[in-house]
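Now for the letters of each chain:
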Protein chains: 2
Amino acid sequence: MPTPHYGQPRYRAIADELRERIETGAIPPGVLLPPESALTAEFRASRGTIRQAIAVLREERVVATEHGRGTYVIPGRDTSAVDEEPESEIRRRSIAADTELAALFAVEVGSPLVEQQIVTRTSGAVEKLVRIYNRVQTKK
Amino acid sequence: MPTPHYGQPRYRAIADELRERIETGAIPPGVLLPPESALTAEFRASRGTIRQAIAVLREERVVATEHGRGTYVIPGRDTSAVDEEPESEIRRRSIAADTELAALFAVEVGSPLVEQQIVTRTSGAVEKLVRIYNRVQTKK
DNA sequence: AGAAATTTGTCCGTATGTATC
DNA sequence: AGATACATACGGACAAATTTC
C-alpha cells in the first residue's frame, strides 16, 4: 500500500505518544520500552518508522538504546531534568619521568616529559580525569 | 530550504568528501564507514542521495558493502603510505586512590578507582600514554 | 558452557508526493 | 519536461550484541 504523509509524519506522532507515556510514568525511568517488534504491531507501522520515532526520543536524551538489549528510559531527574553539562579544565605542564614512565618511553629517569591533564567536572564533582603523556617535541 | 544543484550533483560532492577521508586515512582500510543514517544526518542529505554517493565509491572499488553489516574501505592497495601505523594497547584495572586522586575525586585515600591506560606504540617505541581515571560505576 | 531466542543495527529495494533547477 | 533532491514509509534480509534456556 502507498504511503501518503499529510501534515505531521507518523514517526513524530508515535514519538509524541511514547514521550507521553514516559512523562506520565507509564514507562518509568530505567525501564525498557517494548521492543520494536511489539511497537510495530501496536502502531501498525513499519519497523523503520518505529525506529525513526525512537531516534527522536534518543535525540532528546529521553531514552537510550543498547544493541541487543533494548531501549530504556534514561534515569534522570524526572521532572525538570535541567542539564548540568560537564565542564573541562585542561592543564599542560612539563614533568620528570618517574621509573614507570621512563621504562615505557625508554628514556632515563628524570628526563622531561609533557603531561596534559584534563579534569572533567559535572556540577562541581570530578567526573573523569585524563592524563596524556608525551615525549618532548622531537621532529619527525 | 530548497535544494539547488549547481553544476555538480550533491551525491558527487558527498562521494568526493568520503573518498577524501579514505585517502587521507581518516577512514582506514577495513574500517566501516558511518551508517547511512549517520551520513544523512551529517551531510543533511536524504538517504537516496547518500546511497548514490556510496554507489559511486563502490563502482570505483574503493569500498564494499555487506548486507546487514555496513560499508567498509577495501583493504586493497594502500593509497597513502601507512607503513608504521601506531598500535594501541589498552589495559583496564582497579587502583587505590593516592592523595592526589583522592582530593580530586573527593573520596578517601585508598578508595577504589578505575584506571584505563592506553599505550600507543609506533614501531615499538612508545609514542603516547593516556590514563583515564573514573569513579567505580554505581548505576545501570 | 553452549545453543537458541530476542532485540537492535544496518543495508536493500521500492514507492509516493513535493519542490527546484 | 526531465534530472536532482528532499522527506516519508513499506517490507525484507542479514549481522551483531545480549539474554535466556
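Remember, it's a predicted structure, so these values are computed and weren't measured experimentally.

(A) A look at the interface of chain A and chain B. On the chain B side, the residues contacting the 19 residues of chain A number 19 residues. A buried area of about 1,700 Å², summed over both sides, lies between chain A and chain B, and 52% of it is on carbon and sulfur atoms. By the criterion of area lost to chain B, the three top residues of chain A are Leu104(A), Leu129(A) and Arg131(A), representing 34% of everything that side buries. Counting across the chain A and chain B interface gives seven residue pairs in polar contact (both at pLDDT 80 or more). Put simply, the parts of the chain that give the side of chain A that touches chain B at least two residues each are helix 4 (99–105), strand 4 (112–122) and strand 5 (125–135) of chain A. In terms of residue count, the dominant contributor to the side of chain A that touches chain B is strand 5 of chain A (10 residues).

(B) The sheet that holds strand 5 (residues 125–134) of chain B, seen in detail. Read across the open sheet, the six strands follow the order 3(A)-4(A)-5(A)-5(B)-4(B)-3(B); overall the sheet is antiparallel. Edge positions in the open sheet fall to strand 3 (87–96) of chain A together with strand 3 (87–96) of chain B, since each of these has one partner strand only. Looking at each pair of strands side by side, their axes are set apart by 15 degrees on average, direction ignored. With 10 bridges connecting them, strand 3 of chain B and strand 4 (residues 112–122) of chain B associate as antiparallel partners. Residue pairing for strand 4 of chain B: Ser94(B) is matched across the bridge by Val114(B).

(C) Broad picture of the nonpolar core. Residue and element names in this part refer to chain A. Counting 18 residues, the largest nonpolar core has Ile14, Phe43 and Ile50 as the members making the most contacts within it. For this core, the secondary structure elements donating two or more residues are helix 1 (10–23), helix 2 (36–43) and helix 3 (47–59). Every residue in contact with Ile14, bar those within four places of it in the chain, is listed here: Phe43, Ala45, Thr49, Ile50 and Ala53.

(D) How the structure looks around unusual backbone geometry. We note that Ala106(A) has phi near 60 degrees; this positive angle belongs to a residue other than glycine. Residue placement: Ala106(A) occurs in the loop between helix 4 and strand 4. Phi is positive for Arg44(B), which is not a glycine, with a value near 50 degrees.

(E) Spotlight on helix 1 of chain A. All names here are of chain A. Taking 1.5 Å per residue, 14 residues should reach 20 Å; helix 1 reaches 20 Å between its end C-alpha atoms and fits that length. Those residues of helix 1 lying buried are Tyr11, Ile14, Ala15, Leu18, Arg19 and Ile22. Along the axis of helix 1, the buried residues cluster in a sector spanning 135 degrees; they form a single face.

(F) Quick peek at the pattern of salt bridges. Residues and elements named next belong to chain A. Inspection of the entire model under this criterion finds 20 salt bridges over all chains. Arg51 is the partner of Glu36 in a salt bridge, and the nearest nitrogen-oxygen pair spans 2.7 Å. In this pair, Glu36 is assigned in helix 2 and Arg51 in helix 3, connecting sequence segments 15 residues apart. With a relative accessible area of 41%, Arg51 lands in the partly exposed category. Ionic contacts of the salt-bridge type, sharing partners, join the residues Asp16, Arg19 and Glu60 into one network.

Definitions and cut-offs
Residues numbered from 1 in each chain as written. Chains lettered and ligands numbered in written order. Predicted model: local features only at pLDDT ≥ 70, side-chain atom pairs only at ≥ 80, totals over all residues. Heavy atoms only, no water. Contact = heavy atoms within 4.5 Å. Buried area = accessible area lost by both parts, 1.4 Å probe. Polar contact = N/O pair within 3.5 Å; in protein donor to acceptor, adjacent residues only side chain to side chain. Helix = DSSP H or I, 4+ residues; strand = E, 2+ residues; numbered from the N terminus. Pairing = 2+ DSSP bridges. Axes fitted to C-alpha atoms, helices over the stretch in contact; angles between N-to-C directions. Core = buried A, V, L, I, M, F, W, Y, C linked by side-chain atoms within 4.5 Å. Buried < 20%, exposed > 50% of the residue type's maximum accessible area, 1.4 Å probe, protein only. Expected span 1.5 Å × (residues − 1). Arc of directions from axis to C-beta. Salt bridge = Lys/Arg side-chain N within 4 Å of Asp/Glu carboxyl O.

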